[in-house]
Amino acid sequence: ANGHLATMSSIVGGGLNSLIVTLSACSTQTISVDTVFSGTVCGAVWNGGSLSITSSGYIAGSSAAAILNSGNSVGTLTNHGIIAGAYHSGILNTIGTIATIINASDGVINGGSSGIFNYSGRIGTISNSGTISGYNGIYNFNGSIDAINNSGKIIAHHGLYNDSGASIGTITNSGTISSSGSGAG
């Protein structure tokens, strides 16, 4: 799948669709301007600009999120590749603002904890036509998300988890939101 073979060991997907990823010898990138990734990166700290991941792009996080926005106001993330946080989140927005997250039909966002974790932050719109997975698909803790538009798959123990003082404006679903536990499904 996308030709990535890497020694961090995360498993993206399930069953026959699994991708085992092992990353070695790569470093975290800091993004402050509009950036396009088309190769393999071991984590990204997103401080500004917009971020695009091509179909050959892979961003992995081992002990932290694959993509972290901490307290910044950033633009649009467009994903056609794989974003995978082995132990934490694919995308972690903590006390920051992300204008838009677009996960295209060929995009995968996965996290050991959450595919997308909005912790006391704000996300304008999440548009998913690909796959978002993790223990929590989208976890909104004490934050706000203006809109979630799903025509793809959100598959998790908690598909959408809106917790502790959090708010989601509108949810439009023409795809699949699946929960094996509590939370919207």
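As a reminder, the structure under discussion sits directly above these lines.
Residues numbered from 1 in each chain as written. Predicted model: local features only at pLDDT ≥ 70, side-chain atom pairs only at ≥ 80, totals over all residues. Heavy atoms only, no water.

**What to know about the sheet that holds strand β17 (residues 144–150)**
- Reading across from one edge, β4-β7-β10-β13-β15-β17-β19 is the order of the 7 strands in this open sheet, with parallel pairing throughout. Two strands bound the open sheet, and with one partner strand each, they are β4 (35–37) and β19 (167–173). Going from strand to strand, the sheet's axes swing by 10° on average, the running direction of each strand aside.
- Sheet topology note: the strand β15 (residues 122–128)/β17 ladder contains 6 bridges and is parallel. Its bridge partner lying in β17, Arg122 is registered against Ser144. (Pairing = 2+ DSSP bridges. Helix = DSSP H or I, 4+ residues; strand = E, 2+ residues; numbered from the N terminus. Axes fitted to C-alpha atoms, helices over the stretch in contact; angles between N-to-C directions.)

**Structural notes on the environment of Val45**
- In this fold, Val45 is placed in strand β6 (residues 44–46).
- Look at Val45 and you get partly exposed, because its relative accessible area is 27%.
- Spatially, the C-alpha atoms of Val45 and Thr28 are 7.3 Å apart, while their sequence positions differ by 17 residues.
- With residues up to four places along the chain from it excluded, the contact list for Val45 reads Thr28, Gln29, Thr30, Ile31 and Leu68. (Buried < 20%, exposed > 50% of the residue type's maximum accessible area, 1.4 Å probe, protein only. Contact = heavy atoms within 4.5 Å.)

**Examining the side chain of Thr94**
- Note that Thr94 resides in strand β12 (residues 89–94).
- Excluding its chain neighbours within four sequence positions, the residues that come into contact with Thr94 are Leu68, Asn69, Ser70, Gly71 and Tyr119.

**Topic: the pattern of salt bridges**
- Applying the stated rule across the entire model yields 1 salt bridge.
- In this structure, Asp146 engages Arg122 in a salt bridge whose closest nitrogen and oxygen atoms are separated by 2.3 Å. Residue Asp146 is found in strand β17, and its partner Arg122 is found in strand β15; the two are separated by 24 residues along the sequence.
- Judged by relative accessible area, Asp146 falls into the partly exposed class, the value being 36%. (Salt bridge = Lys/Arg side-chain N within 4 Å of Asp/Glu carboxyl O.)

**Looking at the pairing of β12**
- Taken across its 6 residues, β12 has 6 buried, putting it largely inside the fold.
- Across 4 bridges, strand β9 (residues 67–70) lies against β12 in parallel orientation. Note on β12: the bridge partner recorded for Ile67 is Ile91.

**So, the packing of aromatic side chains**
- If you walk through the whole model with that rule in mind, you get 5 aromatic pairs.
- Relative to Tyr139, the ring of Phe117 lies with its centre 4.8 Å away and its plane at 5°, an arrangement referred to as stacked. With Phe117 in strand β14 (residues 108–119) and Tyr139 in strand β16 (residues 131–141), the pair connects residues that are 22 residues apart, well separated along the chain. Tyr139 shares its class with Phe117; the two are buried.
- Seen in terms of ring centroids, Tyr139 and Tyr161 are 5.1 Å apart; in terms of plane orientation they differ by 65°. Their pairing is edge-to-face. (Phe/Tyr/Trp six-rings, centres within 6.5 Å; stacked < 30°, edge-to-face > 60°.)

**A short note on unusual backbone geometry**
- We note that Ser120 has phi near 55°; this positive angle belongs to a residue other than glycine.
- Take Ser120: it is sitting in the loop between β14 and β15.
- Under the relative-accessibility criterion, Ser120 is labelled partly exposed at 26%.
- Positive phi outside glycine occurs at Asn142, with the angle close to 55°.

**Section: the environment of Ala44**
- Within the element layout of this structure, Ala44 appears in strand β6.
- Since its relative accessible area comes to 3%, Ala44 is described here as buried.
- It is 8.7 Å that separates the C-alpha atoms of Ala44 and Asn69, two residues lying 25 residues apart in sequence.
- Ignoring anything within four residues of it in the chain, the contact list for Ala44 reads Thr28, Gln29, Ile31, Ile59, Ala66, Ile67 and Leu68.

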